[in-house]
Amino acid sequence: MKNNVVLIGFMGVGKSAIGRILAKKMGYSFVDTDFLIEKKYQKSIKDIFQTEGEEAFRQKETKIIKEIAKKKNQIISTGGGVPTIEENMAYLKEDGIIISLVANVDTIYNRTNNEKRPLLKGKTDVERKVIISELLNSRRKYYQKADIIFSTDFATPLKNAENIFRYIKNSRKKV
Ligand code: S3P
């Protein structure tokens, strides 16, 4: 049986909100790769992108993933770009069931309506929608490489977490 639950997916699909609820339900710890990067490097994601660039951010991200993948009983919420790097997924899959959360462009657009995300920052609303749509298209193949895919468009984080919880329980019974 795999000991971790890994949530992957685009920005705004609900990984953190659902992950927190799921962690409580399962008695697991909740970890978020973005948060851990900010803690370890004492810098916000925004600052890392701004002063060091995306490539440096990706290297830090992979380092953090390598570290947490060794620990057990965690719900791991990953940054939206994590699955695009094969090495990241190899570490996470070793002891983790991979759950992909998906949502349509409009849902993501509405849920990322702030300045927190460097990839969407400083854009007009129209530009933001185009970026989301293009990035989503180019990443879809990575988000599809999961044990199961859940759509989060039409239910609350609580309902989504309950559905995922049920799936995990059932899949563990079968092992
Ligand atoms: C990113 C998503 C962000 C964060 C960084 C890059 C991406 O995380 O890791 O801004 O490449 O999609 P969330 O998916 O938690 O917003």
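Now for a quick tour of the structure. (Residues numbered from 1 in each chain as written. Predicted model: local features only at pLDDT ≥ 70, side-chain atom pairs only at ≥ 80, totals over all residues. Heavy atoms only, no water.)

A few points about the site of the ligand
- Taken together, 15 residues form the shell around the ligand, and within it Lys15, Asp34, Arg58, Gly80 and Arg139 come nearest.
- One of the backbone nitrogen or oxygen atoms of Gly81 is found 3.5 Å away from an oxygen atom of the ligand.
- For the ligand, the accessible surface in isolation is 380 Å², of which the surrounding protein chains cover 94%.
- At the level of elements, helix H3 (45-52) and helix H4 (54-68) are the ones that each hand at least two residues to the shell around the ligand.
- Of the residues forming the shell around the ligand, the biggest block, three residues, is contributed by H4.
- Across the shell around the ligand, the residue classes break down as six nonpolar, three polar and six charged. (Near = heavy atom within 4 Å. Polar contact = N/O pair within 3.5 Å; in protein donor to acceptor, adjacent residues only side chain to side chain. Areas by Shrake-Rupley, 256 points an atom, 1.4 Å probe, with all protein chains shown as cover. Helix = DSSP H or I, 4+ residues; strand = E, 2+ residues; numbered from the N terminus. Nonpolar A, V, L, I, M, F, W, Y, C, P; charged D, E, K, R; others polar.)

Observations concerning the sheet that holds strand E2 (residues 29-32)
- The strand order E2-E3-E1-E4-E5 describes an open sheet built from five strands, whose pairing is parallel. Since the sheet does not close on itself, it has two edges, and those belong to E2 and strand E5 (148-151), each with one partner. Sheet twist, expressed as the mean angle between neighbouring strand axes with direction ignored, is 25 degrees.
- Across four bridges, strand E4 (residues 96-102) lies against E5 in parallel orientation. From the neighbouring strand, Leu101 faces E5, where its bridge partner is Phe150.
- Strands in contact with helix H2 (residues 33-41) are E2 and strand E3 (74-77); relative to E2, the strand with the most contacts, it is inclined by about 70 degrees. (Pairing = 2+ DSSP bridges. Axes fitted to C-alpha atoms, helices over the stretch in contact; angles between N-to-C directions. Contact = heavy atoms within 4.5 Å.)

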